[in-house]
Amino acid sequence: TDETVQDELTTYYNSILPDNLNTIDKTAHRLAKLSNCSFTLIRIDKKNKKIKYVVNPTHKYNFEVDEDGELSMVYYDRYIKNSKFEDELFTVVWTKEDHYMLDSFGNKVAVKDNLQMKNPYGEIPGVLMKIHLSDDIYGEGQNDLININEQINLLLTKIINSDIILGTEGTTLAINLD
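Residues numbered from 1 in each chain as written. Predicted model: local features only at pLDDT ≥ 70, side-chain atom pairs only at ≥ 80, totals over all residues. Heavy atoms only, no water.

Structurally, Lys130 is set in strand 8 (residues 126–130). Sequence spacing of Lys130 and Lys33 is 97 residues, and the spatial spacing of their C-alpha atoms is 8.4 Å. (Helix = DSSP H or I, 4+ residues; strand = E, 2+ residues; numbered from the N terminus.)

Given below as structure tokens:
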């Protein structure tokens, strides 16, 4: 029946979700609240046969959008150890059709076993979370939070330096020590 099929799909879907899904969602929401955007890259954990979410602030990624405002390309830098065990910088590129890396000379390099350099999903495997709509894809951050944090840091520094440490200055320790 349709209900049995629906239950089986729900059970399967729940079995491939990460165990810490609520924590991941909370992180994505916190990052989005702070800077208005967060980007969650979706990966497949082949070893555990589960979906893996990688949540990062948007400043770690570069985005290109088409005329409809949809993501057309996402790229980001990643260091990978070369044959000499030295870090080598690559740019990982995702489009709806392609998935490849660019080396430091701009040459296309296959990502692991993807020798055709094609995107196996047909979509960019990531979700851009925006709290408020804005023209800038990176959003407009909650500047008030930053301002308040700076004020708190200054006040704490004043309390510690002036009021607690130096606040004992002038305190009478002894009288008539003749």
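Attention now moves to the sheet that holds strand 6 (residues 99–102). One open sheet holds the five strands; their spatial order is 3-4-5-6-7, and the pairing between them is antiparallel. The open sheet is flanked by strand 3 (62–65) and strand 7 (108–109), the only strands paired with a single partner. (Pairing = 2+ DSSP bridges.)

This part is about the pattern of salt bridges. Applying the stated rule across the entire model yields three salt bridges. One salt bridge connects Lys50 with Asp19, and the closest N-O pair in it is separated by 3.3 Å. Taken as a pair, Lys50 in strand 2 (residues 50–57) and Asp19 in the loop between helix 1 (2–16) and helix 2 (21–35) lie far apart in primary sequence, 31 residues in all. Residue class for Asp19 comes out exposed when judged on its relative accessible area of 72%. (Salt bridge = Lys/Arg side-chain N within 4 Å of Asp/Glu carboxyl O. Buried < 20%, exposed > 50% of the residue type's maximum accessible area, 1.4 Å probe, protein only.)

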